[in-house]
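# Structural overview for review
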Amino acid sequence: TLTILASSLALTAGIGGCGPRGTDAGQNAAAPAATVETPKTEAPKAEAAAEVETPTQIPAGGADVVWQAIDQKNAELETAIQGGSLGEVHHMAFAIRDLVAALPERSSALSADQQSKVQASVKFVATLAERLDASGDANDKAGAQDNYSKLSGVLKDLRANYPDATT
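Residues numbered from 1 in each chain as written. Predicted model: local features only at pLDDT ≥ 70, side-chain atom pairs only at ≥ 80, totals over all residues. Heavy atoms only, no water.

### Things to note about the overall build of the chain
- Per the secondary structure count, the chain includes six helices and zero strands.
- Listing the helices and strands of the chain from first to last along the sequence gives α-α-α-α-α-α.
- When burial is assessed residue by residue, the chain has 28% of its 167 residues classed as buried.
- Counted over contacts in the chain with a minimum sequence separation of 6, partners at least 24 positions apart contribute 72%. (Helix = DSSP H or I, 4+ residues; strand = E, 2+ residues; numbered from the N terminus. Buried < 20%, exposed > 50% of the residue type's maximum accessible area, 1.4 Å probe, protein only. Contact = heavy atoms within 4.5 Å.)

Below you can see the structure in the form of structure tokens.
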């Protein structure tokens, strides 16, 4: 009977112990609510991204029409960098990124190898647009010029896949 009594006490203590654990669990259940605040931290990034990136109007037509728009934005970008208007760099860099991203869907006449090169260039142009944005935000003219030079080289290589696109 002593063993039964000890078992009963242990069971009672165990049940009693569930109460605080249940409370702890309730408190722990509230802990994920604290993680709900995480998006608040991310929200400024999203707002900043929305503020930085404005939708780029992709012209209707073939790749040649898109190339005309790329050339226009590229000239604007070069002028902004040379003129020291680094606060405007992101607008043109992201517009070029968006225009280049529109090329693959207008490239059905290209060979599989050329399409693969275009896809790789799309990714690199996006990276360079981010770098140009960072250089512009940091008011780093030398960095912006360096990234612009890289972007110009990528665009030149990319254009080689489009012999009908005017230069």
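### What to know about unusual backbone geometry
- A positive phi angle, near 55°, is found at N139, a position not held by glycine.
- Its location among the elements puts N139 in the loop between α5 (112–137) and α6 (141–159).

### Some thoughts on α5
- Across its 26 residues, α5 extends 38 Å between first and last C-alpha, which sits within 8% of the 38 Å expected from 1.5 Å per residue.
- Within α5, burial applies to V118, S121, V122, V125, L128, A129, L132, D133, S135 and G136.
- The positive-phi residue at the C-terminal boundary of α5 is N139, with phi of around 55°. (Expected span 1.5 Å × (residues − 1).)

### Description of the packing of helix α3 (residues 63–82) against helix α4 (residues 89–102)
- Between α3 and α4, whose axes approach to 9 Å, the crossing angle comes to 160°. Put simply, α3 runs roughly antiparallel to α4. Crossing angle aside, the handedness with which α3 passes α4 is left-handed. Together, V66, A69, I70, K73, N74, E76, L77, A80 and I81 of α3 and V89, M92, A93, A95, I96, L99 and V100 of α4 make up the contact between the two elements.
- Here the contact of α3 with α4 is built from residues that sort into 13 nonpolar, one polar and two charged. (Axes fitted to C-alpha atoms, helices over the stretch in contact; angles between N-to-C directions. Parallel < 35°, antiparallel > 145°, perpendicular 65-115°, else oblique. Left-handed = near helix turned anticlockwise from the far one by under 90°. Nonpolar A, V, L, I, M, F, W, Y, C, P; charged D, E, K, R; others polar.)

### Describing the confidence of the model for the chain
- The predicted model of the chain has a mean per-residue pLDDT of 78, with 66% of residues at 70 or higher.
- Element-level pLDDT for the chain is lowest in helix α2 (residues 38–52), with a mean of 41, against a maximum mean of 97 in α6.
- In the predicted structure, residues 1–52 sits below a pLDDT of 50 and forms four contacts with residues beyond four places in sequence or in another chain. (pLDDT = per-residue confidence, 0-100.)

### As for the pattern of salt bridges
- Counted according to the given criterion, the structure contains seven salt bridges.
- With a shortest N-O distance of 2.9 Å, R97 and D98 are connected by a salt bridge.
- In the salt-bridge network here, residues are joined through shared partners; they are R97, D98 and E130. (Salt bridge = Lys/Arg side-chain N within 4 Å of Asp/Glu carboxyl O.)

### Regarding the packing of α5 against α6
- Between α5 and α6, whose axes approach to 9 Å, the crossing angle comes to 165°. What the angle tells us is that α5 and α6 run roughly antiparallel. The crossing of α5 and α6 is left-handed. Taken together, the residues of α6 that come into contact with α5 (itself represented by V118, S121, F124, V125, L128, R131, L132 and S135) are G143, A144, N147, Y148, K150, L151, V154, L155 and L158.
- Class assignment for the residues of the contact of α5 with α6 results in eleven nonpolar, four polar and two charged.

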